[in-house]
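The primary structure of each chain is shown beneath.
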Amino acid sequence: MTSTDDLIRCLSSAAGAPRSASLHAALAVTIAASLACALLLVFSVIGIRQDFAEMALRMPFWFKLAYTGALVFGTSVVALYAATPGASATALYALAPAVFFLALGVTFDPTGFPIMGRTNTAVAFCLSSILFLSLPAMILTFVFMRRGAPTQPFFAGAIGGMLSASIGAMAYTLACKNDGTAFVATWYTAAWVIMAAIGAGVGYRVLRW
Amino acid sequence: MTVEERELRWAEAVRAERSGKTVAYERMLKEVATALRRSLAPRVVRAGLGAHEVEDLVQEILIGLHGKRHTWDSTRPFLPWLHAITRYKLIDFARHRRRETRRRVDLPLEDWLEIVEPPADKANHSMAEVDRHLAVLPVSQRKIVRAIAVEGESVRDVALGFATSEGAVRVTIHRAIRRLLGAAERTSTIEAAPRNEHDKHR
C-alpha cells in the first residue's frame, strides 16, 4: 500500500459530502453583492448627481449604462470561463458588445463634449472614483476565483480586475457628471485597464491552488 | 479502453460521487492515478526532475481534482476538464521545483567572499576563529589548551610552566574538550541547521 492509495481512500471517503454551490450561482451572488457594495459607496461617499431625475432620461446616461452593462456581462462570462478548467474559449466573444459600444462611443460622439471632461480634474476624479468603487468588488471577485479552479492565474486575475472595474463603473454612472460618450468610452476603459493590470499582478500571486 | 469509454466511465464515477457512491469514486481515482503515473513519468524526467517526484505530482493532481470537483459541469465532457487540471498542476509543480532548485544552488555573498578571499587572510582568519571558539573556556583552561593544541607544547612542559602536575593538566584538557564540544553542538544547531537541510536535498 503506497501513500497514494492511502490518499485515494481518504479522498473517496468524502464522497457525497454536501456540494458547494455551482460556479454559476457563486458568480451571480458575487456580482449582486459587489454591485450592492458599490452602490452603497456611491450613495454614501460620492453622492449621486444633483440632476439625477432629469439626467436619467437622456441619451448619455443610457450610453453609460449600456456600455458598463455590456462590460459586466462580457467580463462575467469570461470570468466563469477563467474559473472553469477546460471551458470553451468561445466565452471570449461575450466581450463583443462592450467593444461595439466602446467603438461607437469614441467614433460617433453626438454630444460634442470635450474628451478630457468639463473640468481639469474630471479625468482624475472619474478614474479614482471608479477604482475606489471597484475595491469591494475586487475582493469578492477574488473570493469567487479562489472557489473556482483558474488554470491561468495571471489571466484569471486580470479578468477578476476587469469584472470589478466594470461593476464599479456601472455604479459610478449614477454619479458621473460628464456626459460626452467619448469621455465615458475612453476613461471608463482606462480605469478598467488599470484594474485589469492590478488584478493580473494580484492573481498571479494569490490565485494558485 | 478507448477515449470514449474512459470519458463515459470517469464522468459516470464523478456523477456517482455526487450521490455518495464511495466505491465508484475510489476506483476512478485509482484508475486516474495509474494513467497519470504512466504518462507523466517521462515528462517529469524531461523537466529535469527526479523520477521519484512523479508520485508527488500524481498526489497533487488527485488532491486538485478532488478539491475542485464542484467546478466540473456534469453536462460537459470530463476529460477536457481533467486535462486542464493536470496541465496546470504539472506546470505549477515544475515551477515550484525550479524555484527550490534556485534557492538550493544559490551563491550568497558570504560563500562568494570565501571563494575570492586570498589564502593569506585565510590563516589569520582561522586563528581568529580558534580564539573565538576558545573564548567559551574559563581563563585557566584556555591558557592550557592554547599552549598544547595551538602552540604545540608537551604536557610535561605545560605542567612545569603552570607549576602543577601532569595529571591535573590532562584532567583540565579533558574538561576543556568536553566544554568545546558542547559549545560546538549548540552553535551548529543554531547556525548550520539550514545548511544541513540543503545537504539533505543534494
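Residues numbered from 1 in each chain as written. Chains lettered and ligands numbered in written order. Predicted model: local features only at pLDDT ≥ 70, side-chain atom pairs only at ≥ 80, totals over all residues. Heavy atoms only, no water.

J.: I'm lost on the overall build of chain B in this one. Help?
T.: Within chain B, the regular secondary structure consists of 10 helices and zero strands. Taken from N to C terminus, the helices and strands of chain B fall in the order α-α-α-α-α-α-α-α-α-α. Considering chain B as a whole, with its 202 residues, one finds that 32% of them fall into the buried category. Of the contacts formed within chain B by residues at least 6 apart in sequence, a portion of 57% connects residues at least 24 apart. Summing over all exposed atoms, chain B offers an accessible surface of approximately 13200 Å²; the carbon and sulfur share of this is 57%. (Helix = DSSP H or I, 4+ residues; strand = E, 2+ residues; numbered from the N terminus. Buried < 20%, exposed > 50% of the residue type's maximum accessible area, 1.4 Å probe, protein only. Contact = heavy atoms within 4.5 Å. Areas by Shrake-Rupley, 256 points an atom, 1.4 Å probe, with all protein chains shown as cover.)

J.: Explain the overall build of chain A to me, please; I cannot follow it from the model alone.
T.: Along its length, chain A carries eight helices and zero strands. Mapped from its N terminus to its C terminus, chain A presents α and β elements in the order α-α-α-α-α-α-α-α. Along the first, second and third principal axes, the C-alpha atoms of chain A reach 75 × 35 × 25 Å. Every one of the 209 residues in chain A was classed for burial, and the buried ones make up 51%.

J.: How do you make sense of a nonpolar patch on the surface when you look at a structure like this?
T.: Taken together, the side chains of Leu-107, Leu-109, Trp-112, Leu-113, Ile-115 and Val-116 of chain B make up a nonpolar region of the molecular surface, amounting to roughly 600 Å² of accessible area. On the secondary structure map, Leu-113 of chain B appears in helix H5 (residues 109–116). (Patch = residues over 30% accessible without salt bridge, like charges linked within 9 Å, V, L, I, M, F, W, Y side chains within 5 Å. Salt bridge = Lys/Arg side-chain N within 4 Å of Asp/Glu carboxyl O.)

J.: What am I meant to see in the packing of aromatic side chains here?
T.: Tallying each qualifying case throughout the model produces 11 aromatic pairs over all chains. Here Phe-61 of chain A and Trp-62 of chain A contribute two aromatic rings whose centre-to-centre distance is 5.9 Å and whose plane-to-plane angle is 75 degrees, an arrangement assigned as edge-to-face. An angle of 35 degrees between the planes, with centres 5.5 Å apart, marks the rings of Phe-78 of chain B and Trp-81 of chain B as tilted. You can see Phe-78 of chain B and its partner Trp-81 of chain B sitting in helix H4 (residues 78–104), three residues apart, about one turn around the helix. (Phe/Tyr/Trp six-rings, centres within 6.5 Å; stacked < 30°, edge-to-face > 60°.)

J.: For this particular structure, what's the right way to read the interface of chain B and chain A?
T.: Often the size quoted for an interface is simply the accessible area lost on bringing the parts together. Contacts between chain B and chain A engage 31 residues on the former and 34 residues on the latter. Counting each side, the surface lost to burial between chain B and chain A is near 2600 Å², with a carbon and sulfur contribution of 61%. The salt bridge partner of Arg-208 of chain A is Asp-92 of chain B, with a shortest N-O separation of 3.2 Å. Inspection of the chain B/chain A interface yields 10 residue pairs in polar contact (both at pLDDT 80 or more). (Buried area = accessible area lost by both parts, 1.4 Å probe. Polar contact = N/O pair within 3.5 Å; in protein donor to acceptor, adjacent residues only side chain to side chain.)

J.: For this particular structure, what's the right way to read helix H3 (residues 53–67) of chain B?
T.: Working note: α-helix, 3.6 residues per turn, so residues spaced by three or four point in the same direction. For H3 of chain B, built from 15 residues, the straight-helix expectation of 21 Å at 1.5 Å per residue is met to within 8% by its first-to-last C-alpha distance of 21 Å. All of the buried residues along H3 of chain B are Glu-53, Val-54, Leu-57, Val-58, Gln-59, Ile-61, Leu-62, Gly-64, Leu-65 and His-66 of chain B. (Expected span 1.5 Å × (residues − 1).)

J.: How should the pattern of salt bridges be read in this particular structure?
T.: A side chain of one charge can pair with a side chain of the opposite charge if their charged atoms are brought near each other. Tallying each qualifying case throughout the model produces 18 salt bridges over all chains. One network of salt bridges, with partners in common, ties together Arg-49, Asp-51, Glu-54, Arg-58, Lys-64 and Asp-179 of chain A.

J.: Just checking my understanding: could you explain the side chain of Glu-31 of chain B for this structure?
T.: Within the secondary structure, Glu-31 of chain B is located in helix H2 (residues 22–46). Since its relative accessible area comes to 19%, Glu-31 of chain B is described here as buried.

J.: Is there a simple way to explain the confidence of the model for chain A in this structure?
T.: Should pLDDT be low for a region, the predicted coordinates there are not to be read in detail. Model confidence for chain A is summarised by a mean pLDDT of 90, while 100% of its residues fall at 70 or above. Per-element confidence in chain A is highest for helix H7 (residues 153–172) of chain A, whose mean pLDDT is 95, and lowest for helix H3 (residues 52–55) of chain A, whose mean pLDDT is 81. (pLDDT = per-residue confidence, 0-100.)

J.: What exactly am I supposed to notice about a positive patch on the surface here?
T.: There is a patch of like positive charges on the surface, built from Arg-98, Arg-99, Arg-102 and Arg-103 of chain B. Exposure remark for Arg-99 of chain B: the relative accessible area of 43% places this residue in the partly exposed category. (Lys, Arg positive; Asp, Glu negative; His and termini not counted. Charge placed at Lys NZ, Arg CZ, Asp CG, Glu CD.)

J.: When you look at helix H4 (residues 59–83) of chain A in this model, what are you seeing that I'm missing?
T.: Between its terminal C-alpha atoms H4 of chain A stretches 36 Å, which fits the 36 Å expected from 25 residues at 1.5 Å a residue. Of all 25 residues making up H4 of chain A, 18 are buried, and the element is well covered by its neighbours.

J.: So what exactly am I meant to see when it comes to the packing of helix H1 (residues 3–12) of chain A against H2 of chain B here?
T.: Helix packing geometry: the angle between the two helix axes and the distance between the axes. Direction vectors running N to C along H1 of chain A and H2 of chain B enclose 145 degrees, while the axes themselves pass 9 Å from each other. Of the two possible hands of crossing, H1 of chain A and H2 of chain B adopt the one that is right-handed. The segment H1 of chain A lies against H2 of chain B, with Thr-4, Asp-5, Ile-8, Arg-9, Leu-11 and Ser-12 of chain A engaging Thr-22, Tyr-25, Glu-26, Leu-29, Lys-30, Ala-33 and Arg-37 of chain B. Looking at the contact of H1 of chain A with H2 of chain B residue by residue, the classes come out as five nonpolar, three polar and five charged. (Axes fitted to C-alpha atoms, helices over the stretch in contact; angles between N-to-C directions. Left-handed = near helix turned anticlockwise from the far one by under 90°. Nonpolar A, V, L, I, M, F, W, Y, C, P; charged D, E, K, R; others polar.)

J.: Please explain the side chain of Gln-59 of chain B as it appears in this structure.
T.: Structurally, the position occupied by Gln-59 of chain B is in helix H3. Once residues lying within four places of it in the same chain are set aside, the contact partners of Gln-59 of chain B are Ser-3, Thr-4 and Leu-7 of chain A.

J.: Help me out: how do you make sense of the state of the cysteines in this one?
T.: By definition, a disulfide links two cysteine residues through a covalent bond between their sulfur atoms. All names here are of chain A. Tallying each qualifying case throughout the model produces zero disulfides over all chains. This cysteine, Cys-176, is not joined by any disulfide, and Cys-126 carries the nearest cysteine sulfur, 5.4 Å off. Given a relative accessible area of 0%, Cys-176 falls into the buried group. (Disulfide = S-S within 2.5 Å.)

J.: Please explain the nonpolar core as it appears in this structure.
T.: Within soluble globular proteins, side chains that are nonpolar tend to cluster in buried spots. Residue and element names in this part refer to chain A. Ranked by size, the top nonpolar core spans 56 residues in total, and within it Phe-144, Met-145, Tyr-172 and Tyr-188 carry the most contacts. Those elements that place two or more of their residues in this core are helix H2 (23–46), H4, helix H6 (122–147), H7 and helix H8 (181–206). Ranked by the residues each element gives to this core, the list is headed by H4, at 12 residues. Excluding residues within four positions of it along the chain, Tyr-172 makes contact with Val-42, Phe-125, Cys-126, Ser-129, Ile-130, Leu-133 and Tyr-188. (Core = buried A, V, L, I, M, F, W, Y, C linked by side-chain atoms within 4.5 Å.)

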